[in-house]
Amino acid sequence: MFRKLLVVVLATVVLLGGGTVSAQAWEPDTGPMFNNPMGSRASQDRTMVHVRRAINHAPRHSLIRIATYSLDREDVTKALLKACNRKVAIQLVLNDNWTSGQTRTMRSKFGTNIDPHFDDGCHPRDPKKFAQPWPYPSFVKICGGACRLNRPLGNQHMKFFLFSQTGTARDVVMVGSTNLTGYAARTHWNDLFTMNNRPISYQAYSNIFRELALDVPVVEPHVLVVDGDITSEFGAIVPRINKENDPVWLRLNQVDCRAPAGYGQHGRTVIRVMMYAWVGDRGQYLAQKSAQLDRAGCVVRVILSGAGSRVKKILRRGGVQMRSADLDTDHNKETGFDETPWEHFTHEKWMSLNGTYAGAPLRVVWTGSENWSDKSEVNDEVTVTIPRRGAHKVYANHFERLWKRNTRRL
């Protein structure tokens, strides 16, 4: 059903020279963070600035790999071009929904050849002086449909950022719902979870990135990687997803609504869901399962954006508490996202649990790029499981703030 990778701890890049950037004592903050599209400019840009600072602290001959749905941030583009000029290898894989001017600029500089070559934009080498080109080429790859899946109607929908080194941290992985666009900063609530010094996860994500860059369907696209307490799950189910093999359904099936002392709320397991695009047939059976858990005694609460009407009806009939983060802040139905009147909405895709899971007490968050929709089954997606009390608290607090301040009753 899936490939389970127990990755050997390897250094993907050997740093050949000392760091050329300043403030070497710096390293990225770890754990979860969120932007706030309704806050100050700094709050809107928080996750973007986090990525940009990591780019700025990447030393000479290190490697940056970015897989995201879309990119148009001028500040990020400038940071990547500067990193290239100090001989950092830059590799980008993007979806083909839209190619921004910033992407075209980087494609012109970095090229599109994913194999080592002498005329590399960030590590040019004279073949008269060197027997081999620099082994980690810079490039911009735009996939047609899902990169690793034989599904042309799908997308490269993962959002992860890899740094072989930034500041004093090595093997850095950032993953969440964040696209590198100005629109995402101003309009979406997004999350980003950062891990430093995680060679197993770094290598696993690098392996997936290589498959994305090749843009060739793989035989076993569903990959599970265990790195200590963190599990990352990539790709889609072959041949197709259904209730019996749906990872989200299987997670919900392991929930016990009775919570032990010190967990949950008044002896009941608490489930929070923050979900963009909870729609379609898949969305409906996941809504039915969520409603079933609420009726069984769990406390199920959800914040939605772009949810289907049938999904909302199922949740409402099941007694699930719902609020919407779709906000028409200018009170003009003619303006907003796409054909909607909404100026702000949540783009996050996560579920948290505080209670009993798989027969044991647990606080856990599942987050990443996957919506609870039919579309996700034809996309390249990633979900990371974070069974940590501290991370759960941050996500839960974020949920409660939005519930009270930035959502409306459904």
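Everything here concerns the structure above.
Residues numbered from 1 in each chain as written. Predicted model: local features only at pLDDT ≥ 70, side-chain atom pairs only at ≥ 80, totals over all residues. Heavy atoms only, no water.

Draft legend 1. Examining the pattern of salt bridges more closely. Scanning all chains against the criterion turns up 18 salt bridges. Two residues, Lys78 and Glu74, come together in a salt bridge whose shortest N-O distance is 3.4 Å. In this pair, Lys78 and Glu74 both sit in helix α3 (residues 74-85), four residues apart, roughly one turn of the helix. Between Asp229 and Arg388 there is a salt bridge; the shortest N-O distance is 2.7 Å. Residue Asp229 is located in the loop between β10 (223-227) and β11 (230-234), and its partner Arg388 is located in the loop between β19 (382-386) and α10 (389-405); the two are separated by 159 residues in the primary sequence. When its relative accessible area of 28% is taken as the criterion, Arg388 is described as partly exposed. Among the charged side chains, a salt-bridge network with shared partners connects Arg41, Asp45, Arg52, Arg73 and Asp75. (Salt bridge = Lys/Arg side-chain N within 4 Å of Asp/Glu carboxyl O. Helix = DSSP H or I, 4+ residues; strand = E, 2+ residues; numbered from the N terminus. Buried < 20%, exposed > 50% of the residue type's maximum accessible area, 1.4 Å probe, protein only.)

Draft legend 2. Spotlight on the packing of aromatic side chains. According to the stated counting rule, one finds 14 aromatic pairs in the structure shown. With centroids separated by 6.4 Å and ring planes inclined at 70°, the aromatic side chains of Phe160 and Phe209 adopt a geometry described as edge-to-face. With a gap of 49 residues between them, Phe160 in strand β6 (residues 160-166) and Phe209 in helix α6 (residues 199-214) connect regions that are remote in the sequence. The two residues Phe160 and Phe209 agree in class, both being buried. Seen from their ring centres, Trp350 and Tyr395 are 5.0 Å apart, and the 70° between their planes marks the pair as edge-to-face. Taken together, the residues Trp350 in strand β17 (residues 349-357) and Tyr395 in helix α10 connect sequence positions 45 residues apart. Tyr395 sits in the buried class, given a relative accessible area of 0%. Taken together, the ring pairs connect Phe34, Trp350, Tyr395, Phe399 and Trp403 into an aromatic cluster. The ring of Trp403 is capped by Arg301, whose NZ or CZ atom sits 4.4 Å from the centre of that ring. (Phe/Tyr/Trp six-rings, centres within 6.5 Å; stacked < 30°, edge-to-face > 60°. Lys NZ or Arg CZ within 6 Å of the ring centre and 35° of its normal.)

Draft legend 3. Just the packing of helix α2 (residues 46-56) against α3, in detail. For the pair α2 and α3, the least separation of the axes is 9 Å and the interaxial angle reads 15°. When the axes of α2 and α3 are compared, the pair comes out roughly parallel. The hand of the α2/α3 crossing is left-handed. Mapping the contact onto sequence places Arg52, Ile55 and Asn56 in α2 and Asp75, Val76, Ala79, Leu80 and Ala83 in α3. Counted by class, the contact of α2 with α3 contains five nonpolar, one polar and two charged residues. (Axes fitted to C-alpha atoms, helices over the stretch in contact; angles between N-to-C directions. Parallel < 35°, antiparallel > 145°, perpendicular 65-115°, else oblique. Left-handed = near helix turned anticlockwise from the far one by under 90°. Contact = heavy atoms within 4.5 Å. Nonpolar A, V, L, I, M, F, W, Y, C, P; charged D, E, K, R; others polar.)

Draft legend 4. Quick peek at the sheet that holds strand β5 (residues 139-142). Judged by pairing direction, the sheet is mixed, and its seven strands sit side by side in the order β2-β9-β7-β6-β3-β4-β5 without closing on themselves. Across the chains shown, the open sheet's two edge strands, defined by having one partner strand only, are β2 (31-34) and β5. Sheet twist, expressed as the average angle between the axes of neighbouring strands with direction ignored, equals 15°. The pairing of β2 with strand β9 (residues 191-195) spans four bridges and is antiparallel. Counted as the bridge partner of Gly31 is Thr194 from β9. Lying over the sheet, α10 contacts β2 and β9, oriented at roughly 15° with respect to β2. (Pairing = 2+ DSSP bridges.)

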